[in-house]
Each structure stands twice: as C-alpha cells, then as structure tokens.
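Residue-level structure breakdown
One-letter residues, chain by chain:
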Amino acid sequence: MGNYILRRFLVIVPLLIVISVISFIVVQLPPGSYVETYIQNLKNQGYQPDENEIERLESRYGLNQPAYIQYFTWMKNMIFEGDMGRSFVYKQPVSEIIAERAPMTIMISLMAILLQWIVAVPIGIFSARYQYSIFDYIVTFFGFIGLALPNFLFALVLMYFVYVHTGWAVVGIFSPEFVDASWSFARVLDMLKNLWIPLVVIATAGTAGLIRTLRGTLLDELKKQYVTTARAKGMKERKLILKYPVRVAINPLISTIGWMLPAIVGGEVVVSQVLNLKTLGPVLLGSVQSEDMYLAGGIIMILSSLTVIGTLLSDILLAWVDPKVRYK
Amino acid sequence: MAESKDSILKKIGNYIKNIFSKNKKDKYERLEYASQSQLIWYRFKKHKLAAFGLTVLAILYFTSIFAGFVAPYTHVERIGDYKYAPPTEIHMISEENGLRTPFVYSYSKELDPETFQYEYVIDKSTEYSLKLFVESEPYKLLGFIPMEHKLFGTGDKDAPVFLFGTDNLSRDIFSRILIGGRVSLFVGFGGVFLSFIIGSLLGGISGYFGGVIDEIIMRAVELLMSIPKIPLWIAFSAAVPRDWTAVQTYFAITMILALVGWTGLARVVRGKLMSLKNEQFAMAARAAGASDFRIITKHLLPAFISYLVVHLTLAIPGMILGETTLSFLGLGIQPPAVSWGTLLQDAQDLTVLADYPWHLIPTAFVIVTVLMFNFIGDGLRDAADPYSSK
C-alpha cells in the first residue's frame, strides 16, 4: 500500500510541473506584458505610473528577461515565498485572493461529489435490480436530460422557477444579514439553505454518468453465478444485493471520481458566475476579461492542481478499497 | 421431371422479378449483398430514437441555413416600438366567424397606472391573417439569391409576428434564434473536424508505433484530461483579441474547443489501432511489403472508421455546449453577432427573466439539439457494432 501511494505521488510531480507551465503560458497569452497592461490600467484611471514602482515590479518578476527566466522567477517566488504575482484590479497579492476564495470552491466541489453519490448509488442499485421497469426508464430518461443540460442553463431554469414560485432570489451563499457575520450555527444553517441550488445544479450532470456506470457494472455482477447460488441457498434479497454485487460495483464508481472532478470544478466556475457565489470562478472570469493575467494564471494553476490532487486521493481510496488495484 | 422444370422456371421468374423490383427484394438477399456501410444504415434506420433525432436536426439545420427566408426579421433589426413584447398568440377561432385560417391581433403599449410599467394590450378590433410566402422588402438569401418573400407573416407593419417575443432592444427572438443557430449548430462540425485531425493523427502515431512516442503522447492526453476544461477554455479565450471580426472570433473559438477537446478521440484511435495492428490481416499486409501508410489507410482505417464516426457524433454536442457556455460568459461570440450563448446572456438577469420569461426559449433549442445528437450517437453505436443482435 505504501509503495503504491509513493508511486502515485511520483507520477503527480511531473504533472504539477506541466500544469505550472500551462498556467504560465496563460499568464503570457494576451499581447503586451504585465507591466504594460499595468501602466495602461493606471493611465485609464487617471494616475501617473510611478517609475520606481515599475522598476521594482520588473525586477521582482524578471519582466524584461526572456520568458523561460520569467517562468523560473514566477515558480521560485511561488514555491519559496508563496507569491503568485499581484492583481492590479484587486490591488492585492494573487495568493491572498485565492486563499480567501479557494476554501469555498473546495467545499462546494466536495459537497457536490457527496450529493452525487447519495443520489446516484440508491438510484443505480434500484434501476439495475429492476431493469426495464418503469422506474428504470424514468431514470434513463432523466439521465439523458441531465447529460444534455449544461450546468449554467440548469442554474438559470432552476433559479427562475424558485423565484417565480417562492419569490426568493438566489444570489450568493449567505443571506444579507449573514454575509459578514462570523461562523455560527445559524450561519451554517443559512448557508445550507442557500447552497442547495448550486449543489443540485453542479451535481446533476455527473449524477447521470454515475448512475449509468453503477447500473452497468451491477447488471454484469447480478448475472454472475455466485448471485444465483446465494439466491438458491435462500439468502435474503436485500442482504444478498447490498453485501456482494454492490460492493463490487462500487469500485469502478470510485475510479470515476478522477474524471468527474474536472467536470465538477469546471461546472462550479460557471454556476458560481450565474448564481454569484464567492468562489474562484467569477474571479477567474473577471480576471480574464480585464487581462489581469497573474490572477488568471494563478487560479488556473490552483484549480488544476486541486483537481490532480483530488484524483490522486481518489486513486488512493480506490487502492484501499480494491485489493486488485493495490497489488497490480 | 415436369415438376422440377416448373420449379426451375419459377426460380428464374423470381429472379427476373427481383431485378425489376429492386426494393421488394428478399430481405436476406439484400443483406447478403450489402456493404458494411449499407448494413449500418439499415440498422440505424431501425433505431427509432436515432431516426427521430436525425429528422429534428435536419429541420433545425435547414431552418438556420435558410434563416434569411424563414425568419421574419434579421438578428439586428429593431422593430418599431416593441420592447419586451410577449410572444404573439396565433389564433384559429375568430370571435365572429368561428374556425378560420390562422390570424393574429395587433399589440399596443399602455402604461399601467398602478405599477407604472408598460404593458402590452391586445387590440381585438382587427384580425390579421397569417400568410405563407408573404411579400417583404427585397433581400438576398444566403447573400446572393435575390428574394422578395418571407416564409410567413401578416404583410402588415401594424401587426408584427413575434413567435417568441422580443428582447430589450425590440428585436425578434425567433429570428435571432434561427440566425444564432448558424454559429451554434455549426461550431460543432468545425471543432470536431479539427479535433478529428489532431486526435486521429496523434492517436494514430501513438497506437501504431507504440514505445516512447506512445508513452509521451498518452501522458500528454492524461494531463489535458485531468485539467478542468471550462477554466482552460476561459483562459485561452483571453488570447482572442476583442477587436476581431465575428468570423475571426468564430474560428478562434472553434480552435480553442478543438485544442482542448481532441484527447478523447486520440484515446479511441490509439486503443483501436493497438488491437488491430496485430490482427492477421495487418500482419499479412506487412508481410506482403505494404508501407505503414498503406496499412493504416487501406487496412486499419476501414476497420474502425465506424467507431470514429460514433465518437465524433457524440463529441459534437460537447462542442456546441462549449461555444454556448463561452458566449454565455461573454468570452465567445461578441454582439452584434449572435449565437445561442449570447442570447442566453440576456436571460442571466433574474429580474428580466421573471418579467419576460420568453428569454429562456433559446434554452430549449440548446437542449433539443444536444439530446438529438446523443440519440443519433447512440443509434450509430448500436448500428456500427457488427455483433449487435438487433
């Protein structure tokens, strides 16, 4: 087991390096350097740029040096000092903005995964056990719709119906009176009250896929002889299904987390924009629109790294649950 | 003897009959002579949902190609003083004459004395008949065919027909959806075509040659797959200059979608090539001295082309959703150019949505299109599988 984890960690390292290169390419993408955009921005606001400040920025981020040196400076600052550059729109270090908003992104993504599982596992079991029943057809139908419906559209439609039927506008995670309050039981309750819409929206797309996977593996499992044998011996149906075939069918489900995570994080970005949640998504969007590229690159870097690390964790979880993976 | 002579004559007669009535040929005989692609087509036609999907999509594509004729207005035309006009109701039953041909009433705007909002009041004094091929101002269909008729309308400026209502700049949403479909419906083909080239090239190299190259390409694919797609789209779209023309932006978006989306295809191609290249027919070709290029294009490609087609069909809706998402976020197609994504941008505002819910109608078009592509993809997958029992 320890050996396996170590090997997985070694695979992650080059992955993270390539991610950092891609993020740096993103920083460099728009025409004009950071300082040029910075000066332009100041002038637009009617300020005269300070020569010393510009020089300090240029030496800090190695801006008049070739791109690869800039990359190493950027990486060095990030790893040793936690400095990912500055955002000139927020007039704040990028790392501060990310630290402020990343926890909410992580929390929403994790809760969305949890919700997917809570919904998908029982439904998957039922539609496999009662294959070709009305229930199965209904699930398949909604699964199709769930796959076809892009996240932001679902958010719009749900928002509209909630507003029309209850007169309650879903904006943000907290009601106005709780936005600046410190954490308390009431605040958590308030958050849950507001959070269910984004959670449902983000979770839907993946749930359909999960149900399909679980249903498929479970159907294969149910045809196997040990199931027939157990049934012939008079084992209770509920115990029989939950204890053996479901246990086997859960394994491929865990390995889906790896490719589900990117979709969830991506969906979260868009849904947060529509529902105006205080996560990394809207900041990423704003930074790309105002060409605040250190911020954009930093967020891409963090989101991708988090996804990769999440995938690693799901791999370890899978190895822990499934001995076949561990000893391969 | 006489009997057998009869039966022989009968056989010959049947044979001649079959030649002259090709369609009524015995089913089995038809299957015997059919090529692989014909077999796929027969099976595909039997798949009800897929056939349905194909029909719906054909209608959608047709109407948006000929949107100039079908849509009563253009996507930028501001029609008089009809801001946020609700969808026009089409009536069949007249208050005086009972059942008659379809007609509409005209609207007029009035200020509500209580809420101080403008509301549209239907004026029931005149019935304006809906006419097919109604005369219009001269325009050029597809940019070169001079026309003076539109598909439908009342032919009267006082009674406009807004099937899906109008937006804040009093533009007809129905026309905008059809014209926006030109971008949204076709972005999938462009994107899939590009990612097909990248994916099959890299996947082909990877699968056929194996070894170190395979290792490198597959790691790259894994990497791209592990990065969330949407943030990557968003970041790349930062590189598209804002002052580009609509056509340039369109191609840039297609490129971005393809650059991020080729990975799945590369995997399919690689997997198929890996398993096929060791089949006996490939070995035989190699032993006969055929070049790698010839083996791939002549012997291996036909063996998995059907899988490619299925995969491509299922990739198109993803591309369509990608464009819609990007444009919705304001990073894709820029106004005044119109796509389904930019149309939905107007629906982002909850207050607008609550008062003028018809802004959600483009959603239905996106969903239907994506669903139909999925149906067709499923149908093709079943049809392309030579071992399926259906």
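These numbers were taken from a predicted model, which means no experiment stands behind them.

A separate point is the overall build of chain B. Scanning chain B from N- to C-terminus turns up 15 helices and five strands. Computed over C-alpha atoms, the radius of gyration of chain B comes to 28 Å, more than 25% over the 21 Å expected from 2.2 N^0.38 for 390 residues, which places it beyond the range of a compact globule. Counting all 390 residues of chain B, 45% fall into the buried class. For chain B, the proportion of contacts with a sequence separation of at least 24, taken over those separated by at least 6, is 67%.

The helix and strand tally for chain A stands at 14 helices and two strands. When its C-alpha atoms are laid out on the principal axes, chain A stretches across 85 × 55 × 35 Å. Scored against the burial criterion, the 328 residues of chain A give a buried share of 49%. Nonlocal contacts in chain A, meaning residues at least 24 apart in sequence, comprise 70% of its contacts between residues at least 6 apart. For chain A, the exposed surface amounts to about 16500 Å²; the carbon and sulfur share of it is 65%. On chain A, the mean spot of the 27 positive side-chain charges and the mean spot of the 22 negative ones are 20 Å from each other.

Turning to the UniProt feature "domain: ABC transmembrane type-1" (unreviewed entry) in chain B, a few remarks are in order. Residues given the UniProt feature "domain: ABC transmembrane type-1" (unreviewed entry) here are residues 181-377 of chain B. Measuring from the first to the last C-alpha atom of residues 181-377 of chain B gives 20 Å, for a span that is 80% helix and 0% strand.

Turning next to the UniProt feature "transmembrane region" (unreviewed entry) in chain B. Per the UniProt record, "transmembrane region" (unreviewed entry) is annotated on residues 49-71, 185-209, 247-269, 300-321 and 356-376 of chain B. Taken as a whole, residues 356-376 of chain B contains 76% helix and 0% strand, while its terminal C-alpha atoms sit 34 Å from one another.

This next bit is on the interface of chain B and chain A. A common way to express how large an interface is: the accessible area buried when the components associate. On the side of chain A, 41 residues touch chain B, which itself brings 38 residues to the contact. Of the roughly 3500 Å² buried where chain B meets chain A, counting both sides, 84% is carbon and sulfur surface. Among the residues of chain B in contact with chain A, B:Leu223, B:Pro228 and B:Leu350 are the three that bury the most area, contributing 16% of the side total. Looking at the side of chain B that touches chain A, the elements with two or more residues in it are α7 (211-226), α8 (229-237), α12 (292-328), α14 (350-355) and α15 (361-384) of chain B. Element by element, the count of residues in the side of chain B that touches chain A is highest for α15(B), at eight residues.

A separate point is the domain arrangement of chain B. The assigned domain composition of chain B is domain 1 (88-161) and domain 2 (177-384). When each unit is reduced to the centre of its C-alpha atoms, the spacing between domain 1 of chain B and domain 2 of chain B is 41 Å.

A few words on the UniProt feature "transmembrane region" (unreviewed entry) in chain A. All names here are of chain A. Taken from the UniProt record, the annotation "transmembrane region" (unreviewed entry) applies to residues 9-29, 106-126, 138-163, 195-214, 248-275 and 295-321. The annotated region residues 195-214 carries 100% helix and 0% strand content, and the separation between its end C-alpha atoms amounts to 27 Å. Structurally, residues 295-321 is divided into 100% helix and 0% strand, and its ends, taken at the C-alpha atoms, are 39 Å apart.

With that settled, the discussion passes to the environment of B:Glu135. Residue and element names in this part refer to chain B. Position of Glu135 among the secondary structure elements: in strand β4 (residues 131-141). Expressed as a C-alpha distance, the spacing of Glu135 and His149, which sit 14 residues apart in the sequence, is 4.4 Å. Among all residues touching Glu135, those that are not within four sequence positions of it are Glu148 and His149.

All names here are of chain A. Splitting chain A by domain gives domain 1 (35-83) and domain 2 (94-327). A C-alpha centroid distance of 39 Å is found between domain 1 and domain 2. Around 460 Å² of area is buried between domain 1 and domain 2 when both sides are counted, 67% of it from carbon and sulfur atoms. In this structure, the connection of domain 1 to domain 2 is made through zero salt bridges. Connecting domain 1 to domain 2 are zero residue pairs in polar contact (both at pLDDT 80 or more). Across the side of domain 1 that touches domain 2, the residue classes break down as four nonpolar, two polar and no charged.

Looking at soluble globular proteins, one finds that nonpolar side chains tend to be buried together. Within the largest apolar cluster, 188 residues are counted, with the highest numbers of intra-cluster contacts made by A:Trp74, A:Leu156, A:Leu284, A:Ile299, B:Ile234 and B:Leu300. Considering every element that reaches this core, the biggest residue donor is helix α11 (residues 245-275) of chain A, with 15 residues. Excluding its chain neighbours within four sequence positions, the residues that come into contact with B:Leu300 are B:Tyr208, B:Leu273, B:Leu276, B:Lys277, B:Phe281, B:Ala282 and B:Ile295. Judged by nonpolar contacts, the second largest core, of seven residues, contains B:Tyr73, B:Tyr82, B:Ala85 and B:Tyr120.

On the surface, A:Val13, A:Ile17, A:Val21 and A:Ile25 cluster together to form a nonpolar patch covering roughly 310 Å² of accessible area. Among the structural elements, A:Val13 can be located in helix α1 (residues 2-28).

On to helix α9 (residues 246-261) of chain B. Given 3.6 residues per helical turn, the α-helix brings residues three or four places apart onto the same face. If you check α9(B), its first and last C-alpha atoms are 22 Å apart, about what 16 residues at 1.5 Å a residue would give, namely 22 Å. Close packing links the buried residues of α9(B) with α6 (173-209), α8, α10 (263-276) and α12 of chain B.

With that settled, the discussion passes to the sheet that holds strand β1 (residues 91-94) of chain B. Hydrogen bonds between backbone atoms are what pair the strands of a sheet, whose relative direction is either parallel or antiparallel. All names here are of chain B. Here three strands make up an open sheet; going across it, the order is β1-β2-β3 and the pairing antiparallel. The open sheet has two edge strands with one neighbour each: β1 and β3 (118-129). Strand-to-strand twist across the sheet, computed as the mean angle between neighbouring axes with direction ignored, equals 55°.

Reading the values: rules and limits
Residues numbered from 1 in each chain as written. Chains lettered and ligands numbered in written order. Predicted model: local features only at pLDDT ≥ 70, side-chain atom pairs only at ≥ 80, totals over all residues. Heavy atoms only, no water. Helix = DSSP H or I, 4+ residues; strand = E, 2+ residues; numbered from the N terminus. Rg over C-alpha atoms; globule rule 2.2 N^0.38 Å. Buried < 20%, exposed > 50% of the residue type's maximum accessible area, 1.4 Å probe, protein only. Contact = heavy atoms within 4.5 Å. Areas by Shrake-Rupley, 256 points an atom, 1.4 Å probe, with all protein chains shown as cover. Lys, Arg positive; Asp, Glu negative; His and termini not counted. Charge placed at Lys NZ, Arg CZ, Asp CG, Glu CD. UniProt positions renumbered as here; feature names shortened; annotations may be inferred. Buried area = accessible area lost by both parts, 1.4 Å probe. Domains from an automatic or database assignment. Salt bridge = Lys/Arg side-chain N within 4 Å of Asp/Glu carboxyl O. Polar contact = N/O pair within 3.5 Å; in protein donor to acceptor, adjacent residues only side chain to side chain. Nonpolar A, V, L, I, M, F, W, Y, C, P; charged D, E, K, R; others polar. Core = buried A, V, L, I, M, F, W, Y, C linked by side-chain atoms within 4.5 Å. Patch = residues over 30% accessible without salt bridge, like charges linked within 9 Å, V, L, I, M, F, W, Y side chains within 5 Å. Expected span 1.5 Å × (residues − 1). Pairing = 2+ DSSP bridges. Axes fitted to C-alpha atoms, helices over the stretch in contact; angles between N-to-C directions.

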